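# Structural features, examined
Each chain, letter by letter, is given below.
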Amino acid sequence: MFLSALLFCLFNIVMSKNKLTSVDFEIFGNVQGVCFRMYTEDHGSSLGLSGWVKNTRQGTVIGQIQGPPDKVNDMKLWLKSVGSPGSRIDRAVFSNERDISKLEIHGFSTRY
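First, a word on scope: everything that follows refers to the structure included in this document. (Residues numbered from 1 in each chain as written. Predicted model: local features only at pLDDT ≥ 70, side-chain atom pairs only at ≥ 80, totals over all residues. Heavy atoms only, no water.)

Further remarks concern unusual backbone geometry. Phi at C35 is positive, roughly 65 degrees, even though this residue is not glycine. When you line up the elements, C35 lands in the loop between β1 (20-30) and α2 (36-46). We classify C35 as partly exposed; its relative accessible area is 43%. Within the chain, N96 stands out as a residue other than glycine whose phi angle is a positive 55 degrees. Tracing the backbone through its elements, the reader meets N96 in strand β4 (residues 88-100). (Helix = DSSP H or I, 4+ residues; strand = E, 2+ residues; numbered from the N terminus. Buried < 20%, exposed > 50% of the residue type's maximum accessible area, 1.4 Å probe, protein only.)

So, in structure tokens, the structure goes:
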């Protein structure tokens, strides 16, 4: 009984370390013309995440991030409260958050 409980706990620990999350985002505010995409790409890469970032015609920045849930959460916090030095973030919207079995994007890039 004890051995099976121990194996179950170890299995859950191993599986949680291999878990990956994907989430889309849109950032509103003064986020264009202030190097927001460059800082987003740099910060995502520094966290070991994969994804992309892009300006929209509506003046927002959109993108997607993928990686371990804890790192994705760190990036979400950065996107909604830090951003680039010259930016003003009014609102961050996160959508389509889902578990993925493997990365669908490799590396972090700026799209045009």
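Per the counting criterion, the structure on display carries one aromatic pair. Directly above the ring of F28 sits R91, whose terminal nitrogen or CZ lies 4.0 Å from the centroid. (Phe/Tyr/Trp six-rings, centres within 6.5 Å; stacked < 30°, edge-to-face > 60°. Lys NZ or Arg CZ within 6 Å of the ring centre and 35° of its normal.)

Within the secondary structure, V93 is located in strand β4. Judged by its relative accessible area of 32%, V93 falls in the partly exposed class. Between the C-alpha atom of V93 and that of I27, which follows or precedes it by 66 residues, the distance is 6.4 Å. Setting aside chain neighbours within four positions, we find V93 in contact with D24, F25, E26 and F28. (Contact = heavy atoms within 4.5 Å.)

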